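# Observations on chain architecture
Below, each chain spelled out in residue letters.
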Amino acid sequence: MHDILNDSRFEHIKPFSSKIWLSSPTMHGEEQRWVDDAIKTNWVSTVGANINAVEQQIAEYIGVKYAVGLSCGTAALHLATKLAAERLYGQARPNEGTLHGHRVFCSDVTFDASINPVAYEDGEAVFIDTEYDTWNMSPQALEKAFELYPEVKLVVVAHLYGTPGKMDEIKKICDAHGALIVEDAAESLGAKYKLNGEWVETGTLGAYNCISFNGNKIITGSAGGMFLTDSKEDADKVRKWSTQSREAAPWYQHEEIGYNYRMSNIIAGVIRGQIPYLDEHIAQKRAIWARYEQGLRDLPVRMNPWDREKSKPNFWLSCMIIDEDAMAPTVRGEQDYLYKSVSGKSSPHEILDALAAFNAEGRPIWKPMHMQPIYRTHAFVTVEGNGRGRSNAYIAGSGVDVGADIFRRGLCLPSDNKMTAEQQDAIIDIIHRCFV
Ligand SMILES: Cc1ncc(COP(=O)(O)O)c(C=O)c1O
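What comes next concerns the included structure. Fair warning: this is a prediction, and the values are worked out from it, not measured in the lab. (Residues numbered from 1 in each chain as written. Predicted model: local features only at pLDDT ≥ 70, side-chain atom pairs only at ≥ 80, totals over all residues. Heavy atoms only, no water.)

## Overview of the overall build of the chain
- The number of helices and strands found in the chain is 12 helices and 18 strands.
- Taking 22 Å as the expected radius of gyration for a compact globule of 436 residues, we find that the chain reaches 22 Å, a close match to that expectation.
- Across its three principal axes, the chain shows a C-alpha extent of roughly 75 × 65 × 40 Å.
- A total of 436 residues make up the chain; the buried ones form 54% of that total.
- Restricting to contacts in the chain with at least 6 residues of sequence separation, those with at least 24 account for 72%.
- Entry remark: accessible area of the chain is about 18800 Å², with carbon and sulfur atoms responsible for 50%. (Helix = DSSP H or I, 4+ residues; strand = E, 2+ residues; numbered from the N terminus. Rg over C-alpha atoms; globule rule 2.2 N^0.38 Å. Buried < 20%, exposed > 50% of the residue type's maximum accessible area, 1.4 Å probe, protein only. Contact = heavy atoms within 4.5 Å. Areas by Shrake-Rupley, 256 points an atom, 1.4 Å probe, with all protein chains shown as cover.)

Below, the structure written as structure tokens:
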């Protein structure tokens, strides 16, 4: 790390007295009431009034018939993926995953929880490159992937940082190939998308849909997640699987593998207190994004983009990407990095180091799944087709890899909705000084 505090570019800047977080929980007081209620009434379990209330309120907000409360978004994604796989390929033996021997197309620039359930179920994720317009799955690359792997019937799609992807195109391509969508709306709760001329919520766009109430999300229960659906049968199946797949017998009787994935009534109490503030949080995050956009306008950078006609993001995280010709040299290893300070230029790590030196938290862009050591042997498809093995001593290769490029040049900015305008101005000032 460079000695930022003794760097003359940052002269007279004082560290924030309390840390400015990337995105921390924002409590309002009502959370305590519902948690206390659960304790006073002794519903300290995975059943109770808070769970019933949040399932009903979220189903209403999103516009689905059923919301099933689960322990986390990852659990929702696991059961959603398993439901899709059973519908496509049938029930598996107890010691085998339902995706055994099958490929699944997956968003590439996302948190690994989106796509790990494919591995939990013995499937093989094939990563689909990203597009620059929304930083989500590229419909063109998805088309290419169906050319390469026409047998694929399942696609896991995430909306990065709360910005909806190009879902009309993605849905059309999936429909044309008879493929089902698992939608990961963990980061995009409250984001809207215009589908066939009508505004709908993310979390309604797949055959199986998931959200998260993780501590860093737009509203939180400290943990928690939900499976969203219009199908009673699917909702009931997820309820069954999430409570150890107990049959209606007087003793513990099991015909299927089960999981302990149900939401706690205490956690549901926190979520119950948060739901009334979802729209307020979105408005605050939107204002943060707009303030960055205005404040960084004179720098060789752009904010994370979104489709203004077809989407209303929830602006969960504000991000920026540095223009190629303003990138100072940087190298990344597996766990470390080096960069040079160059006048008029900067790099994600210089900015992140500067923010950290003054007690503010940013984060690198989520490292693409196809670059993760665990998934390096998995296929990766770009707009040009197979994204692996494109070059060697004899083949120049075009190097199209949008996800790697956004990871290289981008970063997530402090996006906490408790950050004041003055604090955000100070962050914008620090970023400017990185380019001096
Ligand atoms: C895109 C995405 N999917 C899934 C998850 C997993 O959710 P959870 O932490 O609730 O398991 C997260 C974040 O945590 C996420 O950002």
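The structure having been displayed, the exposition proceeds.
## Topic: the site of the ligand
- For the ligand, the set of nearby residues contains 15 residues, the closest of which are Gly 73, Thr 74, Asp 184, Glu 187 and Ser 212.
- In the environment of the ligand, a nitrogen atom lies 2.6 Å from a nitrogen or oxygen atom belonging to the side chain of Asp 184.
- One of the side-chain N or O atoms of Glu 187 is found 2.5 Å from an oxygen atom in the ligand.
- Bound to the protein, the ligand loses 93% of the 380 Å² it would expose on its own. (Near = heavy atom within 4 Å. Polar contact = N/O pair within 3.5 Å; in protein donor to acceptor, adjacent residues only side chain to side chain.)

## Regarding the nonpolar core
- Ile 58, Tyr 161, Phe 213, Met 226 and Ile 365 are the most contacted members of the largest nonpolar core, which has 36 residues in total.
- Mapped onto this core, the elements with two or more residues apiece are α2 (49-62), β9 (225-229), α8 (265-274), α9 (278-295), β12 (319-322) and α11 (402-409).
- Among the elements that make up this core, the one with the highest residue count is α2 (5 residues).
- Among the nonpolar cores identified, the runner-up in size contains 34 residues, and Leu 352, Phe 358, Met 419 and Phe 435 belong to it. (Core = buried A, V, L, I, M, F, W, Y, C linked by side-chain atoms within 4.5 Å.)

## A closer look at the packing of α2 against α8
- Where α2 contacts α8, the two axes come as close as 7 Å, and the packing angle between them is 45°. The angle between α2 and α8 falls in the class oblique. Note that α2 runs across α8; the crossing there is left-handed. Two secondary-structure elements touch here, α2 through Ala 49, Asn 50, Ile 51, Ala 53, Val 54 and Gln 57 and α8 through Asn 265, Ala 268, Gly 269, Ile 271 and Arg 272.
- Within the contact of α2 with α8, the residues separate by chemical class into 6 nonpolar, 4 polar and 1 charged. (Axes fitted to C-alpha atoms, helices over the stretch in contact; angles between N-to-C directions. Parallel < 35°, antiparallel > 145°, perpendicular 65-115°, else oblique. Left-handed = near helix turned anticlockwise from the far one by under 90°. Nonpolar A, V, L, I, M, F, W, Y, C, P; charged D, E, K, R; others polar.)

## Here we look at the layout of surface pockets
- Looking at the largest pocket, its volume works out to about 920 Å³.
- Those elements giving two or more residues to the lining of the largest pocket turn out to be α3 (73-89), β13 (330-332), α10 (348-357), β15 (363-364) and α11.
- Class assignment of the residues belonging to the lining of the largest pocket gives a composition of 20 nonpolar, 17 polar and 10 charged.
- Its volume calculated, the second largest pocket comes out at about 220 Å³. (1 Å grid on protein atoms, 1.4 Å probe; cavity = no way out; pocket = protein on both sides within 12 Å on 5 of 7 lines; lining within 4 Å. Points joined across faces, edges and corners; volume = space filled by probe spheres on them.)

## So, the pattern of salt bridges
- Following the criterion strictly, the structure yields 27 salt bridges and no others.
- Note that Glu 55 and Arg 239 form a salt bridge whose closest N and O atoms lie 3.2 Å from each other. Of this pair, Glu 55 sits in helix α2 while Arg 239 is found in helix α7 (residues 232-242), placing the two residues 184 residues apart along the sequence.
- For Glu 55, a relative accessible area of 9% puts it in the buried group. (Salt bridge = Lys/Arg side-chain N within 4 Å of Asp/Glu carboxyl O.)

## A look at empty space enclosed by the protein
- All told, the structure shown has 2 cavities of 30 Å³ or more when counted by the stated rule.
- Reported here for the largest cavity is a volume of approximately 40 Å³.
- Forming the walls of the largest cavity are Ser 23, Ser 24, Pro 25, Thr 26, Lys 217, Ile 218, Ile 219, Thr 220, Gln 274, His 281, Lys 285 and Asn 417.
- Looking at the lining of the largest cavity residue by residue, the class counts come to 3 nonpolar, 7 polar and 2 charged.
- Of the pockets and cavities examined, the second largest cavity occupies roughly 30 Å³.
- Together, Ser 107, Asp 108, Val 109, Thr 130, Trp 135, Asn 136, Met 137 and Ala 158 line the second largest cavity.
- Along the lines of polarity and charge, the residues of the lining of the second largest cavity split into 4 nonpolar, 3 polar and 1 charged.

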